[in-house]
Amino acid sequence: MSDHTPWPLIAKYLAGECNPEEKLAMEWWLEDYDNLRMFRRIEAAWKQEKEPENDPAHNLESGLARLHARMAEHAEVPAQALSGTSRLVKLSSWLAAASIVLAIGLGYFLVNRPHSGHSNAGIAMETRTSGSKEIVSIELSDGTQVWLNKNSKIEYPKAFDGDERAVYLQGEAFFEVVPNPDKPFIVKCDKLSTRVLGTSFDVKAYNGDETASVSVATGKVEVSKEIEEGEPVRITQLTPEQELVINTEKDETYINIVSVANIAPWHLGQLVFRDNTYDEVMQALQERFGKRIVFKSSIGQCRVMASFNSTASLNDVLKLLSMSNSFDYVIGRDVVTITGGTCR
């Protein structure tokens, strides 16, 4: 949530009095997930027009005093900081103004009240794991689809409760999240967490690996770094065809551009190689087809760019690769032998 909440702009937005520039500014502000959640609470309080619980730490008088102080702060900000409009909030009537201010006051109570999110204590949890040769498909209680890659584990509630949908992942999984603006979906791993409202994305965070990654196919996600004490530290937001890679040991991050076709192709049964070495390719083929591959050549470090659909046979794959790198192969009952070949 922003440290400089644009209270006057929120009031105009709720009253339906924003001009196009103000509306655009508000929409940009709402792109932040915490801002959106805060706005939903303010909007709900405005619609319900009821006072918050009788909490001595959060009464109406003190809340409005804080609100007026914040609005006074904004009055000192240049006009262009609030989308180039007048510093004053011009509502259609004093009654509308009072209604909006009350709504914002109620919203302020709600968002500043100590958080009472639901803990996992007492919640029935499910755990699914995948072996070294299988990909597991799961549908969560909200309809979200999950594909769990090999050697991975996911823990999730039988039914989501509270104001968020949190799951816990070790390994790699691809998610197609059912949208729910009021209940963000969060994937928590050992070193990072990924937060979304509704989108499709891949998270790869195997225990013991030096790097972890998040790739976005559709929508938008927010990635944060998990720390031992306190709230997660936000790293960045990702949009479609972006991949964040974080070195959890060196605390370094960078962003790649990736095509949607190259994001978690494994969940569709595809084989995709993008600048992989032949050693890596053959390891993937061994896992896919269950045959040991023996190199009697020097192409192990040659690089490969290729993709194959889920129906491609081992012979189909090797035939195409051999045409590119001029190697010979023999497929035996249990072993594939590769000889010759050159890097190109």
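Just above sits the structure.
Now for a quick tour of the structure. (Residues numbered from 1 in each chain as written. Predicted model: local features only at pLDDT ≥ 70, side-chain atom pairs only at ≥ 80, totals over all residues. Heavy atoms only, no water.)

Concerning unusual backbone geometry
The backbone phi angle of asparagine 151 is positive, close to 55 degrees, even though this residue is not glycine. Here asparagine 151 lies in the loop between strand S3 (145-148) and strand S4 (153-157). On the basis of relative accessibility, which here comes to 49%, the residue asparagine 151 falls in the partly exposed class. Unusually for a residue other than glycine, aspartate 251 sits at a positive phi of about 60 degrees. Tracing the backbone shows aspartate 251 in the loop between strand S12 (242-247) and strand S13 (252-257). A relative accessible area of 49% means that aspartate 251 is categorised as partly exposed. (Helix = DSSP H or I, 4+ residues; strand = E, 2+ residues; numbered from the N terminus. Buried < 20%, exposed > 50% of the residue type's maximum accessible area, 1.4 Å probe, protein only.)

Side note on the layout of surface pockets
Of the pockets and cavities examined, the largest pocket occupies roughly 1500 Å³. Along the walls of the largest pocket sit 37 residues, with Glu172, Lys204, Trp266, Val272 and Asn276 positioned nearest its centre. Counting residues per element, the ones that place at least two in the lining of the largest pocket are strand S8 (200-205), strand S9 (211-218), S12, strand S14 (271-277) and helix H6 (278-289). The residue makeup of the lining of the largest pocket, split by class, is 14 nonpolar, 11 polar and 12 charged. Each of two domains, domain 2 (125-260) and domain 3 (269-339), supplies a minimum of three residues to the lining of the largest pocket. (1 Å grid on protein atoms, 1.4 Å probe; cavity = no way out; pocket = protein on both sides within 12 Å on 5 of 7 lines; lining within 4 Å. Points joined across faces, edges and corners; volume = space filled by probe spheres on them. Nonpolar A, V, L, I, M, F, W, Y, C, P; charged D, E, K, R; others polar. Domains from an automatic or database assignment.)

What to know about the state of the cysteines
By definition, a disulfide links the sulfur atoms of two cysteines through a covalent bond. For the coordinates displayed, the defined rule picks out one disulfide. Each disulfide pairs two cysteine sulfurs, and for cysteine 302 the partner residue is cysteine 343, the sulfurs being separated by 1.7 Å. Sign of the S-S torsion, about -80 degrees for the bond between cysteine 302 and cysteine 343, identifies this disulfide as left-handed. Here cysteine 343 lies in the segment after strand S18 (335-340) and cysteine 302 lies in the loop between strand S15 (292-296) and strand S16 (303-308), a separation of 41 residues in the sequence. (Disulfide = S-S within 2.5 Å.)

Comments concerning the environment of serine 307
Tracing the backbone shows serine 307 in strand S16. Residues serine 307 and valine 272 lie 35 residues apart in sequence; the distance between their C-alpha atoms is 4.2 Å. Beyond its immediate chain neighbours, meaning those up to four positions away, serine 307 contacts Leu271, Val272 and Arg274. (Contact = heavy atoms within 4.5 Å.)

Quick notes on the packing of aromatic side chains
Going through the model one piece at a time under the given rule, you end up with eight aromatic pairs. Seen in terms of ring centroids, tyrosine 278 and phenylalanine 327 are 5.7 Å apart; in terms of plane orientation they differ by 90 degrees. Their pairing is edge-to-face. Remark: phenylalanine 327 occurs in strand S17 (residues 327-331) and tyrosine 278 occurs in helix H6; sequence separation between them is 49 residues. By relative accessible area, tyrosine 278 is classed as buried at 0%. A ring pair is formed by phenylalanine 327 and tyrosine 329, whose centres lie 6.5 Å apart and whose planes are at 65 degrees; its orientation type is edge-to-face. (Phe/Tyr/Trp six-rings, centres within 6.5 Å; stacked < 30°, edge-to-face > 60°.)

Topic: the pattern of salt bridges
Applying the stated criterion to the full structure yields five salt bridges. A salt bridge links arginine 40 to aspartate 182, with the shortest nitrogen-to-oxygen separation between them at 3.9 Å. Here the residue arginine 40 occupies a position in helix H3 (residues 33-48), and aspartate 182 occupies one in the loop between strand S5 (165-176) and strand S6 (185-188), the gap between them amounting to 142 residues. A relative accessible area of 30% places arginine 40 in the partly exposed class. Notably, a salt bridge pairs aspartate 251 with lysine 225, separated by 3.2 Å at the nearest N-O pair. Residue aspartate 251 is located in the loop between S12 and S13, and its partner lysine 225 is located in strand S10 (residues 221-225); the two are separated by 26 residues in the primary sequence. Classification of lysine 225 by relative accessible area gives partly exposed; the value is 25%. (Salt bridge = Lys/Arg side-chain N within 4 Å of Asp/Glu carboxyl O.)

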